Amino acid sequence: MKAQLSQRHLLGIRGLSADEITHILDTAETFREISEREIKKVPTLRGRTVINLFFEPSTRTRTSFEIAGKRLSADVINVSSSSSSVTKGETLLDTARNLEAMSPDLIVIRHPSAGAPHQLARVCRASVVNAGDGAHEHPTQALLDALTIRQQKGSFEGLRVAILGDLLHSRVARSNAHLLTTLGAEVALAGPGTLAPPEFASLVEGRSLRVERRIEDAIEGADVVMVLRIQRERQDKAFLPSLREYAVHFGLTRKRLELAKPDAIVMHPGPMNRGIEIASDVADGSRSLILDQVANGLAVRMAVLYLLGGGAGTNTSNPTTRVKDEAGTAESQSSKPAASSADEPATEPLRAAVSVGGTGTESSK
Ligand code: CP
């Protein structure tokens, strides 16, 4: 198993190996226990600085990155678009360069433009974590989804996963398509023709990904049913006749869920539109793992900060052996991971978004 990730940034799932994904999930699993302690804090990243740079609204991702950083004892600074100097005309790169001058160790960025984290990675010494870029990728969402699936199903080989809804604008769908098929799952995508173009099937090469027109065909026999948010803010572009019609033809109801395997689980990245893409009784039902996803999001983000932020410098077999208590008796004084040959960020971050209908400039979930 790798001691560290091969890249010092986490810009997307595309390009990660199955071993690297598994390593992040295994590390996250060890961090879950910390959140169950009375004192939910360990000294792993003491002395490190994390900047959360959010240019889009977020509840789950921003909060969990902040809590993750604080539970690892990092200094966490939150910068939002409304409180940053971009409102005065500063460019993203100038903002990044100015933040970089204050020597952060990690920059977590959410931005409405696909490729924004990759731009930062080119100019920053700090490790950059993509917290969602346009319609491109949302890697930590896919990792927390995978952790949730693995806890329930054990493994991914041959697992049948249906991903339903607005694929066109969904960075979650793209990251999950890469991750789940890399680990051996069979993924079926489905949604209205305007939001689920057939070209999506070519998003991954040589792995099991198909696009269905009817969501029933994707749900049938599924082990996992993942529902995406309908992006109501985009309905002025006439992707759908109406939300009511969408709910009738594409919403996940109890009746449609009966087509899946009897032990199928239901997931949604949030925020949900109850009664549109998912019925309330399904969202709150016994098969729903939506809040487990949120809990796992914290563990995954702790793992990512740990692995990229230098916490993994000396011992990755069990991070909790080095993060025993607030007193820091087991704390490592390890330095930042050495730059690897993969230091350069991915050079083609926009390809997936562009080639399968991503806007390249718009936000998505
Ligand atoms: N799933 C997700 O990214 O939610 P937020 O927009 O609340 O962060």
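Report follows, based on the coordinates. Here the structure is a predicted model, which is why all the values come from computation and not from measurement.

## Some words on the overall build of the protein
Next, step 1: Within the protein, the secondary structure is distributed over twelve helices and nine strands.
Next, step 2: The buried share of the protein, reckoned over its 365 residues, is 58%.
Next, step 3: Of all intrachain contacts in the protein linking residues separated by at least 6 positions in sequence, the fraction that spans at least 24 positions is 76%.
Next, step 4: A total accessible area of about 14,200 Å² is found for the protein, and carbon and sulfur atoms account for 49% of it.

## Brief notes about the nonpolar core
Next, step 1: Of all hydrophobic cores here, the largest spans 64 residues; its most connected members are Leu143, Ile149, Ile163, Leu179, Leu180 and Leu305.
Next, step 2: It is helix α11 (residues 290-308) that provides the largest number of residues to this core, a total of ten residues.
Next, step 3: The residues touching Ile149, leaving out its near neighbours within four places in the chain, are Gly154, Phe156, Leu159, Leu180, Val224, Met226, Ile265 and Met267.
Next, step 4: Formed by 28 residues, the second largest nonpolar core is a distinct cluster that contains Ile230, Phe250, Leu257 and Ile278.

## Observations regarding the sheet that holds strand β4 (residues 127-133)
Next, step 1: Read across the sheet, four strands follow the order β2-β1-β3-β4 without closing on themselves; strand pairing throughout is parallel. If you trace the sheet from one side to the other, it starts and ends with β2 (75-80) and β4, each paired once. Strand-to-strand, the axes of this sheet are offset by a mean angle of 15°, without reference to chain direction.
Next, step 2: Taken together, the five bridges between strand β1 (residues 49-54) and strand β3 (residues 106-111) define a ladder with parallel strand orientation. Counterpart to Phe54 in the pairing with β3 is Arg110.

## Digging into the pairing of strand β6 (residues 186-190)
Next, step 1: Here β6 lies mainly inside the structure; four of its five residues are buried.
Next, step 2: Pairing of strand β5 (residues 160-164) with β6 involves five bridges; the strand directions are parallel. Residue pairing across strands places Ile163 opposite Leu189, the latter belonging to β6.
Next, step 3: Once you follow β5 into helix α6 (residues 171-182) and on to β6, the crossover reads as right-handed.
Next, step 4: Two strands pair when backbone bridges link them, and β6 and strand β7 (residues 209-212) are joined in this way by four bridges, in the parallel orientation. Looking at the pairing, Ala190 lines up with Glu212 of β7.

## Points about the pattern of salt bridges
Next, step 1: By the definition in use, this model includes 16 salt bridges.
Next, step 2: Between Asp94 and Arg97 there is a salt bridge, with its nearest N and O atoms 3.5 Å apart. Residue Asp94 and its partner Arg97 are located together in helix α3 (residues 92-100), separated by three residues, close to a single helical turn.
Next, step 3: Judged by its relative accessible area of 36%, Asp94 falls in the partly exposed class.
Next, step 4: Looking at Arg97, the relative accessible area reads 46%, which means it is partly exposed.
Next, step 5: In this structure, the salt-bridge partner of Asp281 is Arg254, at a minimum N-O distance of 3.3 Å. Taken together, the positions of Asp281 in helix α10 (residues 280-283) and Arg254 in helix α9 (residues 254-257) put the pair 27 residues apart, joining distant regions of the chain.
Next, step 6: A relative accessible area of 40% means that Asp281 is categorised as partly exposed.

## Some details on the packing of α3 against helix α4 (residues 116-123)
Next, step 1: The interhelical angle for the contact between α3 and α4, taken along N-to-C directions, is 45°, at an axis separation of 10 Å. Between α3 and α4, the angle is such that the two are oblique. With respect to the hand of their crossing, α3 and α4 are arranged in right-handed fashion. For the pair α3 and α4, contact is made by Leu92, Leu93, Ala96 and Arg97 and by Ala116, Gln119, Leu120 and Val123, respectively.
Next, step 2: For the contact of α3 with α4, the class distribution of residues is six nonpolar, one polar and one charged.

## Some words on the packing of aromatic side chains
Next, step 1: This model, assessed by the stated rule, comprises two aromatic pairs.
Next, step 2: With a centroid separation of 5.3 Å and 70° between ring planes, the pair formed by Phe31 and Tyr306 is classed as edge-to-face. Of this pair, Phe31 sits in helix α1 (residues 18-31) while Tyr306 sits in helix α11; the two residues are 275 residues apart in sequence, bridging distant segments of the chain. A single burial state applies to Phe31 and to Tyr306, both of which are buried.

## Description of the environment of Leu120
Next, step 1: Tracing the backbone shows Leu120 in helix α4.
Next, step 2: Taking relative accessible area as the criterion, Leu120 reaches 0% and is therefore assigned buried.
Next, step 3: Not counting the four nearest positions on each side in its chain, Leu120 is found in contact with Leu53, Leu92, Leu93, Ala96, Ile107, Ile109 and Val128.

Thresholds applied
Residues numbered from 1 in each chain as written. Predicted model: local features only at pLDDT ≥ 70, side-chain atom pairs only at ≥ 80, totals over all residues. Heavy atoms only, no water. Helix = DSSP H or I, 4+ residues; strand = E, 2+ residues; numbered from the N terminus. Buried < 20%, exposed > 50% of the residue type's maximum accessible area, 1.4 Å probe, protein only. Contact = heavy atoms within 4.5 Å. Areas by Shrake-Rupley, 256 points an atom, 1.4 Å probe, with all protein chains shown as cover. Core = buried A, V, L, I, M, F, W, Y, C linked by side-chain atoms within 4.5 Å. Pairing = 2+ DSSP bridges. Axes fitted to C-alpha atoms, helices over the stretch in contact; angles between N-to-C directions. Right-handed = clockwise from strand over helix to strand, strands pointing away. Salt bridge = Lys/Arg side-chain N within 4 Å of Asp/Glu carboxyl O. Parallel < 35°, antiparallel > 145°, perpendicular 65-115°, else oblique. Left-handed = near helix turned anticlockwise from the far one by under 90°. Nonpolar A, V, L, I, M, F, W, Y, C, P; charged D, E, K, R; others polar. Phe/Tyr/Trp six-rings, centres within 6.5 Å; stacked < 30°, edge-to-face > 60°.

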